[in-house]
Amino acid sequence: FPYTTLFRSQDMLPAGSVDEAYVNFPDPWPKKKTHKHRIVQADFIRQLSKCIKKGGKLHLITDHIELNSWHVARMQECSDLFECAVAEPFFVKVGQCEDALLPEGAKELAGYGGQFAAEGRDIHVSSWTKL
């Protein structure tokens, strides 16, 4: 659901009620002047963390390498809430998704799988565990 909806939906998602959350292929807003529009910001992470139970997972998935770096940097700003669930963020070729260590909910790639496979894109994944 949209970023603004999350802030209005606190009562719809009780604290600690979510086992896993996925942010699949958000708009990368590649120009520096538009980075402020990216969904993965410290405020978003902090709000979302309230809904995720202790030990729950947050998966950030993108086909945009610079956005993946952004995700990791924003998550590191929230190191009091999450720790990296894998040794380091990784990427996979779309055609290898079935064999990859992708989170179960990410294997369908939010409906973009066919398009990305045809284009030969890499998928960048970072997974985080709620402290």
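Up top you'll find the structure we're talking about.
The sections below set out a description of the structure shown in this document. The residue numbers shown here count from 1 along each chain, following its written sequence. Side-chain atom pairs in this predicted model are given and counted only at pLDDT of 80 or more, local residue features only at pLDDT of at least 70, and totals for whole chains, interfaces and linings cover all residues. Water and hydrogen atoms were dropped before computing side-chain values, which therefore reflect all heavy atoms in the structure.

A word on helix 3 (residues 65–77)
We count it as follows: Strands are runs of DSSP state E lasting at least 2 residues, helices are runs of H or I lasting at least 4, and numbering of each runs from the N terminus. Residue count minus one, scaled by 1.5 Å, sets the expected span of a helix. When a residue's accessible area, from a 1.4 Å probe over protein chains only, is under 20% of the maximum for its type it is buried; when over 50% it is exposed; and in between it is partly exposed. Contacts between residues were defined by any pair of non-hydrogen atoms, one from each residue, lying within 4.5 Å.
Relative to the 18 Å expected for 13 residues at 1.5 Å per residue, helix 3 spans 19 Å between its end C-alpha atoms, a close match to the ideal helical length. Every buried residue of helix 3 is listed here: Leu67, Asn68, Trp70, His71, Val72, Arg74 and Met75. Those residues of helix 3 that are buried lie in contact with helix 2 (42–51), strand 2 (52–62), strand 3 (82–84) and strand 5 (122–130).

Some details on the packing of aromatic side chains
The following threshold applies: The aromatic pairing rule takes the rings of Phe, Tyr and Trp, using the six-membered ring of Trp, and pairs them if the centres are within 6.5 Å, calling planes under 30 degrees apart stacked, those over 60 edge-to-face and the rest tilted. In this scheme, the term charge over a ring applies when either NZ of a lysine or CZ of an arginine sits within 6 Å of the ring centre and within 35 degrees of the ring normal.
One pass over the full model with this rule turns up 0 aromatic pairs. When the ring centre of Trp70 is taken as origin, the NZ or CZ atom of Arg38, which lies over that ring, is 4.8 Å away. The ring of Trp70 is capped by Arg74, whose NZ or CZ atom sits 4.1 Å from the centre of that ring.

As for the environment of Thr34
Applicable threshold: Here a polar contact means two N or O atoms within 3.5 Å. Within protein one must be a hydrogen donor candidate and the other an acceptor candidate, and residues neighboring in sequence count only if both atoms are side-chain atoms.
Within the secondary structure layout, Thr34 lies in the loop between strand 1 (18–24) and helix 2. Residue classification places Thr34 among the buried residues on the basis of a relative accessible area of 15%. Of the polar contacts made by the side chain of Thr34, one reaches the backbone oxygen of Lys31; its length is 2.8 Å.

As for the environment of Leu67
Tracing the chain through its elements places Leu67 in helix 3. Along the sequence, Leu67 and Arg38 sit 29 residues apart, while their C-alpha atoms lie 9.0 Å from each other. Beyond its immediate chain neighbours, meaning those up to four positions away, Leu67 contacts Pro26, Asp27, Pro28, Arg38 and Thr62.

A few points about unusual backbone geometry
The backbone phi angle of Phe25 is positive, close to 50°, even though this residue is not glycine. Mapped onto the fold, Phe25 is located in the loop between strand 1 and helix 2. The exposure class assigned to Phe25 is buried, which follows from its relative accessible area of 11%.

Considering the nonpolar core
Where a protein is soluble and globular, its nonpolar side chains tend to be buried together. So the rule is basically this: Definition used in this section: a nonpolar core is a set of buried Ala, Val, Leu, Ile, Met, Phe, Trp, Tyr and Cys residues joined via side-chain atoms within 4.5 Å.
Formed by 18 residues in total, the largest nonpolar core has its most connected members in Leu58 and Phe82. Listing elements by their share of this core, those giving two or more residues are strand 1, helix 2, strand 2 and helix 3. Per-element accounting of this core gives the leading share, 4 residues, to helix 2. With residues near it in sequence (within four places) discarded, Phe82 still touches Ile45, Ser49, Ile52, Leu58, Met75, Trp128, Thr129, Lys130 and Leu131.

Quick word on the pattern of salt bridges
Opposite charge on two side chains permits them to pair, given that their charged atoms come into close proximity. Spelled out, the test is: Think of a salt bridge as a Lys or Arg side-chain nitrogen and an Asp or Glu carboxyl oxygen that are within 4 Å of each other.
A full pass over the atoms with the stated rule returns 4 salt bridges. A salt bridge links Glu66 to Arg38; its shortest N-O distance comes to 2.7 Å. Here the residue Glu66 occupies a position in helix 3, and Arg38 occupies one in the loop between strand 1 and helix 2, the gap between them amounting to 28 residues. For Glu66, a relative accessible area of 33% gives the class partly exposed. Residue class for Arg38 comes out buried when judged on its relative accessible area of 1%.

Considerations on the pairing of strand 2
The line we're drawing: Here, strands pair whenever DSSP counts at least two bridges between them. By convention a crossover is right-handed if, when the strands point away from the viewer, the path from the first strand over the helix to the second runs clockwise.
In this sheet, strand 2 lies alongside strand 1 in parallel orientation, the contact comprising 6 bridges. Bridge pairing in strand 2 links Ala21 to Leu58. In the classification by handedness, the crossover that spans strand 1, the intervening helix 2 and the parallel strand 2 is right-handed.

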